[in-house]
Amino acid sequence: MSSPTLIDNSITNNTIIWDKSSLPDKIQTFDEYKSLYTLSIEDPNRFWKMAAERLNWYHFPTKIKNTEFDYRTERGIDIKWFEDGIINVCYNCLDRHIEKDPNIANQIALIFEPDIPTDTHHHITYGELLCKVKKFANVLKKHGIKKGDRVTIYMPMVIEACIALLACARIGAIHSVVFGGFSSHSVAERISDCNGTIVITSDFGVRGGKCIPLKSKIDQALLMPECNTVKTVIVFQRYYGMENLKDDCVERRKTLEWVNGRDFWAHEELETVNDICEPEQMNAEDPLFILYTSGSTGKPKGILHTTGGYLTYVNLTFKYVFAYNPGEIYMCSADVGWITGHSYVVYGPLANQATTVVFEGIPTYPDVSRFWNIIDKHQINIFYTAPTAIRSLMAHNDSYVTKTNRQSLRLLGTVGEPINPEAWRWYCNVVGNGRCPIVDTWWQTETGGFMITPIPNVWELEAGSATLPFFGIQTQIFDEKTRKPLEIPDRGELCIRDSWPGQARSLYGNHKRFVDVYFKPYPGYYFSGDGCEIKKNGYHWITGRVDDVLVISGHNIGTAEVESALVQHVAVSEAAVVGYPDPIKNQGMYCFVTLKDNVLESDELRKELIKTVRDVIGAHVHPDIIHFAPNLPKTRSGKIMRRILRKIVEPDIHNLGDTSTLNDPTVVDELIRTSPRTK
Ligand code: 6R9
């Protein structure tokens, strides 16, 4: 494997441009990557035309790229890909494979792994999935849903959630998935923002052995006046037709509120329709979905993705980055309520005719061996999860991992946060037995798919680096003070020059905010909101959100770096670092530290941790406060909510903002009670 030597810091210098008429099935050498990368930058029309040829179109686009990235022009920010192409996403994920080879109807599309390991797990083939999607699409049609209507999906992580997404895509309805952990208030906010008329939900979900009452949260949401646009609620039964129903679930079903004329059981509706449903012919730029993501201000942003460009992008990124081989079993542990679930549980894998696992549960239930047991049970070849999960599992004895086999694994991946080198090495050596490459994929809800990522076995990995940009992606770092572009090697604010097909087109109903947030900070560029260091070899090291950089005594310190240093100490399981105002140093450094099982808190340990940080990063970096915190406030997707930690230490505890998206809001009270800054 060649280690990249990027002459003049540029991938495209002295490179022969790809001259074949189609894209390869796999990227095998660094020269191949360089030549395709060069093509993707110098002739994006040709590159993305070849990528689009991997899909079936009703009308193949004659126009490939038509984008404006500078808000100061008369046209303003305007992003169009494949604009005269006609295509259907669901058709490309299901029908297409079976039409090409009828045997594919019998290939497993989805493997359902329930929260409770002893519950029935089931497999569903491409043929069965297609039939169910068509029928459910007909249920939606029966309730008046047509192309362009917004459909809110509030479901547990079950196969029916995937069916709901694909059914929307089939008839051209725009889905808006709201993660099943969100409060009724948050769901109401998201329903009203897109004026949805229908909600698809489940009587309840099961997570970590607990019953989650989804339907009743929808009932509460729909009481709010801003949701009076909703006319229909379709309700799946979580344990439909199954026997081993948990007692509290039976009780809940009996006491479920029911609004006649508004609420319908999905299983009853499905009996009233047939399985004939032609896919809607969609323009490439017709919306496919809205997905809400939190911004720096309170109101969530409705990220809008469209049809042709999104599918082309997730299709290609999935294929190359996971180097997917037909027949392999793939698992991504993300919930379909997040972009990772959209792009890399449903659309990317199915567009590649993969077999993908739908996991309802959490990594620590019933115990911390869960992931590794699932890998053995389903003989998973590719496993994709988040650093926060890895760190929490790493805090326990390695025997939870090593007692499992894991020989089926070929490739590991991570997403969601910077992965510190310690966690990376543990994942590589203990989970992957040192045999499996790790793809650390940097991307965002807004980008649709992978942006900076290794392609396995094509260049060398470095623990903690997302390495190099994917095809079509040109990164540029800027100095936050001078606003000038930086030469590499350096570190700065990460922007992307020019458009790629998978990117969001707008914020639903608020193009101005889209322009303000992403395009005004650096004219002509997409601003990611992340910091990044690009080293001499061109490798990218994401340093975390730029709002997470501390400035202490004139030094810029990435909180992620300090966190990474802290977790190198044997006693530490997880750390979150935030700044608080300091009259002399500008900011002080406050470290929340979660210790491993059975480690005792002591002042001695505090001193050791401070020393570790100084040793690892430099003597100018000195934690001021070490707060031992058994739990940290996390979003349901597992990200530490630093916004709340900042408020606690400021202290400004009366303006914590929305805490309803937290996994466990009581954690916040406990931190306030024990923080030296709030005493
Ligand atoms: C896909 C997803 C996006 C933010 C992003 C960044 C962080 C994601 C990362 C990473 C370092 C990685 N992030 N992947 N940071 N290394 N490999 O997570 O989307 O939920 O929108 O979050 O997550 O800070 O800006 P989203």
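Because the structure is predicted, anything quoted here is derived from the model rather than measured.

Caption draft 1: Structural view of the overall build of the chain. The helix and strand inventory of the chain stands at 21 helices and 30 strands. A globule of 679 residues ought to have a C-alpha radius of gyration of about 26 Å, and the chain, at 24 Å, matches this closely. Overall size of the chain, expressed as C-alpha extent along the three principal axes, is 70 × 65 × 55 Å. In the chain, once contacts between residues fewer than 6 apart in sequence are set aside, the share between residues at least 24 apart is 71%. With an accessible surface of roughly 25,600 Å², the chain has 49% of that area assigned to carbon and sulfur atoms. For the chain, the centre of its 73 positive side-chain charges and the centre of its 82 negative side-chain charges are spaced 1 Å apart.

Caption draft 2: Fine view of the UniProt feature "domain: Acetyl-coenzyme A synthetase N-terminal" (unreviewed entry) in the chain. The UniProt feature table records "domain: Acetyl-coenzyme A synthetase N-terminal" (unreviewed entry) at residues 33-93. Across residues 33-93, helical content stands at 39% and strand content at 16%; the span's end C-alpha atoms are separated by 27 Å.

Caption draft 3: Molecular detail of the packing of helix α6 (residues 159-171) against helix α12 (residues 339-351). The contact between α6 and α12 brings their axes to 11 Å, and the two run at 60°. Between α6 and α12, the interaxial angle falls into the category oblique. Both α6 and α12 take part in a crossing whose hand is right-handed. Contact with α6, carried on its side by C162, L165, L166 and A169, involves H342, V346, Y347 and L350 of α12 and no other residues of that element. For the contact of α6 with α12, a count of residues per class yields seven nonpolar, one polar and no charged.

Caption draft 4: View of the nonpolar core. One finds Y33, F136 and Y347 to be the most contacted residues of the largest nonpolar core, which totals 134 residues. The element contributing the most residues to this core is α6, with eleven residues. Ignoring anything within four residues of it in the chain, the contact list for Y33 reads I11, I27, I455, V458, W459, L468, P469 and F471. Core analysis: the next-biggest nonpolar cluster, separate from the first, contains 30 residues, A423, Y427, V430 and V431 among them.

Caption draft 5: Expanded view of the side chain of S186. Inspection of the secondary structure assignment puts S186 in helix α7 (residues 184-193). On the basis of relative accessible area, S186 is assigned to the buried category, the value being 0%. Those residues in contact with S186 that lie beyond four places of it in its chain are D658, S660 and T661.

Caption draft 6: Looking closely at the site of the ligand. Lining the immediate environment of the ligand, one finds 16 residues, of which D440, T441, T445, D530 and K639 sit closest. A distance of 3.3 Å separates a nitrogen atom of the ligand from a polar atom in the backbone of P418. Here a nitrogen atom of the ligand sits 2.8 Å away from a polar atom, N or O, in the main chain of T441. About the coverage of the ligand: the protein hides 89% of its 540 Å² of free accessible area. Going through the elements one at a time, α12 and β25 (540-545) are the ones with two or more residues in the shell around the ligand.

Caption draft 7: Representation of unusual backbone geometry within the structure. With an omega of -5°, the peptide bond running from Y365 to P366 counts as cis. Relative to the elements of secondary structure, P366 occurs in the loop between β17 (355-359) and α13 (370-378). Of note in the backbone geometry, R406 takes a positive phi value of approximately 60° without being a glycine. For R406, the location among the structural elements is in the loop between α15 (399-402) and β19 (411-414). Among the residues examined, R406 registers a relative accessible area of 2% and is labelled buried. Look at T467: it is not a glycine, yet its phi comes out positive at around 65°. One can find T467 in the loop between β20 (438-440) and β21 (474-478).

Cut-offs applied
- Residues numbered from 1 in each chain as written.
- Predicted model: local features only at pLDDT ≥ 70, side-chain atom pairs only at ≥ 80, totals over all residues.
- Heavy atoms only, no water.
- Helix = DSSP H or I, 4+ residues; strand = E, 2+ residues; numbered from the N terminus.
- Rg over C-alpha atoms; globule rule 2.2 N^0.38 Å.
- Contact = heavy atoms within 4.5 Å.
- Areas by Shrake-Rupley, 256 points an atom, 1.4 Å probe, with all protein chains shown as cover.
- Lys, Arg positive; Asp, Glu negative; His and termini not counted.
- Charge placed at Lys NZ, Arg CZ, Asp CG, Glu CD.
- UniProt positions renumbered as here; feature names shortened; annotations may be inferred.
- Axes fitted to C-alpha atoms, helices over the stretch in contact; angles between N-to-C directions.
- Parallel < 35°, antiparallel > 145°, perpendicular 65-115°, else oblique.
- Left-handed = near helix turned anticlockwise from the far one by under 90°.
- Nonpolar A, V, L, I, M, F, W, Y, C, P; charged D, E, K, R; others polar.
- Core = buried A, V, L, I, M, F, W, Y, C linked by side-chain atoms within 4.5 Å.
- Buried < 20%, exposed > 50% of the residue type's maximum accessible area, 1.4 Å probe, protein only.
- Near = heavy atom within 4 Å.
- Polar contact = N/O pair within 3.5 Å; in protein donor to acceptor, adjacent residues only side chain to side chain.

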